[in-house]
Amino acid sequence: MKRNISIIGVPMDLGQMRRGVDMGPSAIRYAGIVERLENLGYDIKDLGDIEIGQAERVHNNPDTNLRNLKAVAEASETLAGKVNDVIGSGDFPLIFGGDHSIAIGTLAGVSPHYENLGVIWYDAHGDLNTGDTSPSGNIHGMPLAVSLGIGHEDLTGIGQSSPKIKPENIVIIGARSLDEGERELIKEKGIKVYTMHEIDRLGMTRVMEESIDYLKGRTDGVHLSLDLDGLDPSDAPGVGTPVLGGISYRESHLAMEMLEESGLITSAEFVEVNPILDEKNKTATVAVALMGSLFGEKLL
């Protein structure tokens, strides 16, 4: 990985309805991420947090079924520009959320730099909903669909082009809560998914080996989008949409270690850390530990 890392905080809480996740970037910093990465020999630039607009009392357009569309779209455009600048400067972009709607802006900023960008979506959810399929209208359940060019034009139109990614370049790991519309889209697009069934049956080592081999031959860069609710709530309780039966802390470390060894990851974001719902900043501490493994921390 590049030795220069630029950190961008995105205190976004408008993509869902549970307050507190806007404090995620601060919680991750408080858990010592800058010091941890510096101890591994990286040059860190913390670019601070981008500004997030105000929540809307009503939907921007009731016909869209999307909450806070205008504010999310504006923040995504700002984030896309900052990520684009970071990659253009030669640094590795590391983004802290905030809810998972921030991935719309992240991928819009990353994608212009690659012909075939790959994505590892480490998450309990598929985040493949649209305004038509979403039960809630929460945009944090839509960023992967938006990045495929599916969804409201105010979101798919962010950045230089649409779509940002191809369905055959995506691997979802840890899925265990999918809406009907998401299941249909996964089948229609042929998206590669490792549910908890596959992780339990095959083991994390094989899941990661297959994922790495699958992406290595078809991509020229891979973005890691890690939602802390991909882990089991016993290990990461401070998330807005916890789902029982998730990936363990140790399995997640193994996954990050194998990604570091592969040399595939060219950008990353860690999202959905909510200190209000947490236990003594446990989830942010877990996020920092996983980042340590992703960036080469070893016991020996």
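See the structure shown above.
Rules of the game
Residues numbered from 1 in each chain as written. Predicted model: local features only at pLDDT ≥ 70, side-chain atom pairs only at ≥ 80, totals over all residues. Heavy atoms only, no water. Pairing = 2+ DSSP bridges. Helix = DSSP H or I, 4+ residues; strand = E, 2+ residues; numbered from the N terminus. Axes fitted to C-alpha atoms, helices over the stretch in contact; angles between N-to-C directions. Contact = heavy atoms within 4.5 Å. Buried < 20%, exposed > 50% of the residue type's maximum accessible area, 1.4 Å probe, protein only. Right-handed = clockwise from strand over helix to strand, strands pointing away. Salt bridge = Lys/Arg side-chain N within 4 Å of Asp/Glu carboxyl O.

**Student:** Honestly, the sheet that holds strand β1 (residues 4-10) in this entry has me stumped. Any pointers?
**Tutor:** Within a beta sheet, neighbouring strands are joined by backbone hydrogen bonds and run either parallel or antiparallel to one another. In space, the eight strands of this open sheet follow the order β2-β1-β3-β8-β7-β4-β5-β6, with parallel pairing throughout. The open sheet has two edge strands with one neighbour each: β2 (43-49) and β6 (192-195). Averaged over all pairs of adjacent strands, the angle between strand axes in this sheet comes to 15°, irrespective of strand direction. Bridge count between strand β4 (residues 117-122) and strand β7 (residues 221-227): six bridges; the pairing is parallel. Bridging from a neighbouring strand, tyrosine 122 pairs with leucine 226 of β7. Set on the sheet, helix α10 (residues 249-262) makes contact with β4, β7 and β8 (265-271); between it and β4 the angle comes to about 165°.

**Student:** What exactly am I supposed to notice about the pairing of strand β5 (residues 170-175) here?
**Tutor:** For a regular strand, the rule is simple: side chains alternate between the two faces of the sheet. Of all six residues that make up β5, six are buried, and the element is covered over most of its length. Bridging between β4 and β5 involves four bridges; their strand directions are parallel. Looking at β5, one finds that isoleucine 120 is bridged to valine 171. Running through helix α7 (residues 180-189), the crossover from β5 to the neighbouring parallel element β6 is right-handed.

**Student:** Sorry, what's going on with unusual backbone geometry here?
**Tutor:** Excluding glycine, residues mostly have negative phi values, and the peptide bonds linking residues are mostly trans. Here glycine 97 and glycine 98 are connected by a cis peptide whose omega angle stands at 20°. Within the secondary structure, glycine 98 is located in the loop between β3 (92-97) and α4 (103-110). Of note, the amide linkage connecting serine 162 to proline 163 takes the cis form, showing an omega dihedral of 0°. Secondary-structure assignment places proline 163 in the loop between α6 (153-156) and β5. For asparagine 68, which is not a glycine, the phi torsion comes out positive at approximately 55°. Tracing the backbone shows asparagine 68 in the loop between β2 and α3 (69-88). We classify asparagine 68 as buried; its relative accessible area is 9%. Here aspartate 127, not a glycine, exhibits a phi torsion of approximately 55°, which is positive.

**Student:** Quick question: what am I supposed to make of the pattern of salt bridges here?
**Tutor:** Where charged atoms from two side chains of opposite charge come close, those side chains can pair. Counted according to the given criterion, the structure contains 11 salt bridges. We note a salt bridge from aspartate 13 to arginine 19, for which the minimum N-O separation is 3.0 Å. Residue aspartate 13 is classed as buried on the basis of its relative accessible area of 11%. What you see here is one network of salt bridges that share partners, running through Arg29, Asp46 and Asp49.

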